[in-house]
Amino acid sequence: MSKIKARKGAPYARILGVGGYRPVRVVPNDVILEKIDSSDEWIRSRSGIETRHWANDEETVAAMSIEASGKAIADAGITAEQIGAVVVSTVSHFSQTPAVATEIADKLGTAKAAAFDISAGCAGFGYGLTLAKGMIVEGSAEYVLVIGVERLSDLTDLEDRATAFLFGDGAGAVVVGPAEEPHIGPTVWGSEGDKSETIKQTVPWDRFRTGDVSELPLDSEGNVKFPAITQEGQAVFRWAVFEMAKVAQQALDAAGITANELDVFIPHQANMRIIDSMVKTLKLPEHVTVARDVRITGNTSAASIPLAMERLLATGEAKSGDTALVIGFGAGLVYAATVVTLP
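These lines cover the structure that appears in this document, whether it is placed above or below.

Reading the values: the criteria
- Residues numbered from 1 in each chain as written.
- Predicted model: local features only at pLDDT ≥ 70, side-chain atom pairs only at ≥ 80, totals over all residues.
- Heavy atoms only, no water.
- Patch = residues over 30% accessible without salt bridge, like charges linked within 9 Å, V, L, I, M, F, W, Y side chains within 5 Å.
- Areas by Shrake-Rupley, 256 points an atom, 1.4 Å probe, with all protein chains shown as cover.
- Salt bridge = Lys/Arg side-chain N within 4 Å of Asp/Glu carboxyl O.
- Helix = DSSP H or I, 4+ residues; strand = E, 2+ residues; numbered from the N terminus.
- Buried < 20%, exposed > 50% of the residue type's maximum accessible area, 1.4 Å probe, protein only.
- Pairing = 2+ DSSP bridges.
- Axes fitted to C-alpha atoms, helices over the stretch in contact; angles between N-to-C directions.
- Contact = heavy atoms within 4.5 Å.
- Core = buried A, V, L, I, M, F, W, Y, C linked by side-chain atoms within 4.5 Å.

1. Digging into a nonpolar patch on the surface
So, point 1. On the surface, Phe94, Trp205 and Phe226 cluster together into a nonpolar patch covering about 310 Å² of accessible area.
So, point 2. By the secondary structure assignment, Phe94 is in the loop between β4 (83-89) and α4 (100-108).

2. Description of the pattern of salt bridges
When the charged atoms of two side chains lie near each other, side chains of opposite charge can form a pair.
So, point 1. Taken as a whole and judged by the stated rule, the model has 16 salt bridges.
So, point 2. Note that Asp293 is salt-bridged to Arg22, the shortest N-O span being 3.1 Å. Taken together, the positions of Asp293 in the loop between β12 (289-290) and α8 (294-297) and Arg22 in the loop between β1 (12-21) and β2 (25-28) put the pair 271 residues apart, joining distant regions of the chain. Summarising the burial analysis for this pair, Asp293 and Arg22 share the class buried.
So, point 3. Across the salt bridge formed by Asp276 and Arg292, the nearest N and O atoms sit 2.9 Å from each other. You can see Asp276 sitting in helix α7 (residues 272-282) and its partner Arg292 sitting in the loop between β12 and α8, a full 16 residues away along the chain.
So, point 4. For Asp276, a relative accessible area of 36% gives the class partly exposed.
So, point 5. In this structure Arg292 comes out as partly exposed when scored by relative accessible area, which is 38%.

3. Details of the sheet that holds strand β5 (residues 114-118)
So, point 1. The strand order β1-β7-β6-β4-β5 describes an open sheet built from five strands, whose pairing is mixed. The sheet is open, and its two edges are formed by β1 and β5, each paired on a single side. For this sheet, the mean angle separating the axes of adjacent strands, direction not counted, is 20 degrees.
So, point 2. Here β1 runs beside strand β7 (residues 169-179); their pairing, made up of nine bridges, is antiparallel. For Arg14, the partnering residue across the bridge sits in β7 and is Gly177.
So, point 3. Here helix α3 (residues 61-76) sits on the sheet in contact with β1, β4, β6 (143-151) and β7, set at roughly 130 degrees to β1.
So, point 4. Sitting on the sheet, helix α9 (residues 304-315) is in contact with β1 and β7, with an inclination near 85 degrees to β1.

4. Concerning the nonpolar core
As a rule of thumb, nonpolar side chains are buried together in soluble globular proteins.
So, point 1. Counting 47 residues, the largest nonpolar core has Phe265, Leu325, Ile327 and Phe329 as its most contacted members.
So, point 2. Of all the secondary-structure elements, those providing two or more residues to this core are α6 (233-255), α7, β13 (323-330) and β14 (334-341).
So, point 3. Ranked by residue count, the leading element in this core is α6, at 10 residues.
So, point 4. Those residues in contact with Phe329, other than ones at most four positions away along the chain, are Cys122, Ala123, Trp239, Ala240, Met244, His268, Ala270, Ile274, Met278, Val334 and Tyr335.
So, point 5. Ala123, Ile305, Leu312 and Ala336 belong to the second largest nonpolar core, which has 35 residues in total.

Here it is as structure tokens:
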């Protein structure tokens, strides 16, 4: 017989507060067109994107996270000292170690909260939410701060016609805490590593260590390009539309929710065509509010779902207590979907 004593937390967990931060600079498609042979009409028809936000030097991954987190903590009605863990999903914090979560936890004024980063691309928010739920139910934390944050402008090849217009910067955060009823459904998540080449970094960091630039990509002026995100657009589109619609339906089934009972749909803000196709495949009724924040924010990877959630609540398009289906999917290829009650 085991001598280990188990610790019991809350019976369930829920999102208690949400906050977002978008950089001050708004970048229209005209700026993107300075480096690629395309048109505003083509960008809008392919992606639905009209503008995106790009961070300045002061709007670091940590700084944006702190701004978004402060709003989420205030929205939840708690103090930073009550946060027991900080989970940050990002692929654009360029210091390998320490985790940026530790800096965020300290500057927010937590009481030495557990803090760590995860790398799950555009599914990172769903991964973090699932971890937070487990911590609260297991009893290792009463309140968990989950942050999705990206400075994808740092990882964008502005001369790549296929991706230059896609990415934006920003941070979204939620506070997850105890609940007496289930407000976060079972997570349907996974990975398809055999498709990892469809979204990837162009050049590994260690290629720069040798000093041999003979095989490194060059820009139009002959300079070595900084690593960027590249993708096989059509393959990603087909996977997202057909396979992720199945995952979204599985999440609804796991939560015991039908499409007619759903109030809000918040998919990863990758592309407007993907969003519209998923709505059609899922046969969502007209009363379901669909997040289309990608139009003015672009693809912010791990930040896209909490940023879209925050905007829907701020504009009144969604309200506290609504039942929402959230799904993230991206590089890896990884995915995570669940049904939540909005804070």
